[in-house]
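A look at the structure
Residue strings, one per chain:
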Amino acid sequence: MDALVYKVAANWRQWLRGLPARIGTTLLPPRCLLCGEPGDDGRDMCAACHWWLPRNHCACPRCAIPLAVPGTCGRCLRREPLLHFAHAAFVYAPPVDGLLARYKFHGDLAAGRLLAGLLAETLDGVERPQALVPVPLHRSRLRQRGYDQALELARPLARATGVPLATGLLQRHRRTAAQSELGAMARRRNLRGAFRVAARGRLPAHVALVDDVMTTGATLQAAALALRRAGVERVDAWVCARTP
């Protein structure tokens, strides 16, 4: 009897937690952010646009770069990356690149929520870490932009996966130039010593870094280096898109 009461109470709590979202969907039905047609399956994207997304089906498991055949890419075979595993939901191509630009540079938080949901949909079978760590912005860049794009992606991911969000574990304590303006070698130099682990006490053994785009991987590698030096045993990366 006690088990039945507990099960009913748990189901009731779950129903109440989902009530605001159901009310919002009823009052404001989802619309596709790409074409304006009615959204499908509760997301702000129609079925047709969802079907055409450039999914990253075949990729290197260490750096997520798209590959023609399954396996580890030559670069990761030559030099083992600090990331144990990297998952990118999509290839950085239309229309995902446009959604990411709207979210990152134009304050379109609805595009960010959609991207987080799409990323969560691709995580079936991906090993769950003990914590999600959003790649942080420097405080000056945060003041300029007004929001942290990685954190806003990580929040709904944490809810969707049930993995705790560790927001204060990693800090970007040194201001760096915009990575988009630099080449591969300059990106690595630019991020040298940019991150530090601020949390005290015992750290989770396995974490996943969350970010919007992986280009050369310099940002994620620098963040992983700081975490590994602090004692984290395994660092993965979960990102929305990977450049070819």
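Everything here concerns the structure above.
Attention in this report is confined to the structure presented alongside it. (Residues numbered from 1 in each chain as written. Predicted model: local features only at pLDDT ≥ 70, side-chain atom pairs only at ≥ 80, totals over all residues. Heavy atoms only, no water.)

Counting its secondary structure elements, the chain contains 10 helices and six strands. Counting all 244 residues of the chain, 43% fall into the buried class. For the chain, long-range pairs separated by at least 24 residues make up 69% of all intrachain contacts whose partners lie at least 6 apart in sequence. As displayed, the chain offers around 13600 Å² of accessible surface, 55% of which is attributable to carbon and sulfur atoms. (Helix = DSSP H or I, 4+ residues; strand = E, 2+ residues; numbered from the N terminus. Buried < 20%, exposed > 50% of the residue type's maximum accessible area, 1.4 Å probe, protein only. Contact = heavy atoms within 4.5 Å. Areas by Shrake-Rupley, 256 points an atom, 1.4 Å probe, with all protein chains shown as cover.)

Time to look at the side chain of Arg 172. Topologically, Arg 172 is positioned in strand S3 (residues 170–172). Despite being buried, Arg 172 has no salt bridge partner; Asp 211 is the closest side chain of opposite charge, sitting 6.5 Å away. At 3.3 Å, the side chain of Arg 172 forms a polar contact with the backbone oxygen of Pro 136. (Lys, Arg positive; Asp, Glu negative; His and termini not counted. Salt bridge = Lys/Arg side-chain N within 4 Å of Asp/Glu carboxyl O. Polar contact = N/O pair within 3.5 Å; in protein donor to acceptor, adjacent residues only side chain to side chain.)

Quick look at helix H5 (residues 96–106) now. Turning to H5, its buried residues number three or more, namely Val 96, Leu 99, Leu 100 and Tyr 103. Taken end-on, H5 shows its buried residues confined to a sector of 100°, consistent with a single buried face. For H5, exposure combined with an orientation more than 90 degrees from the buried face picks out Phe 105 and His 106. For H5, the elements touching its buried residues are strand S1 (85–91), helix H6 (109–121), helix H8 (149–161), strand S5 (206–214) and strand S6 (234–242). In the segment just after H5, Gly 107 is the residue with positive phi, at about 70°. (Arc of directions from axis to C-beta.)

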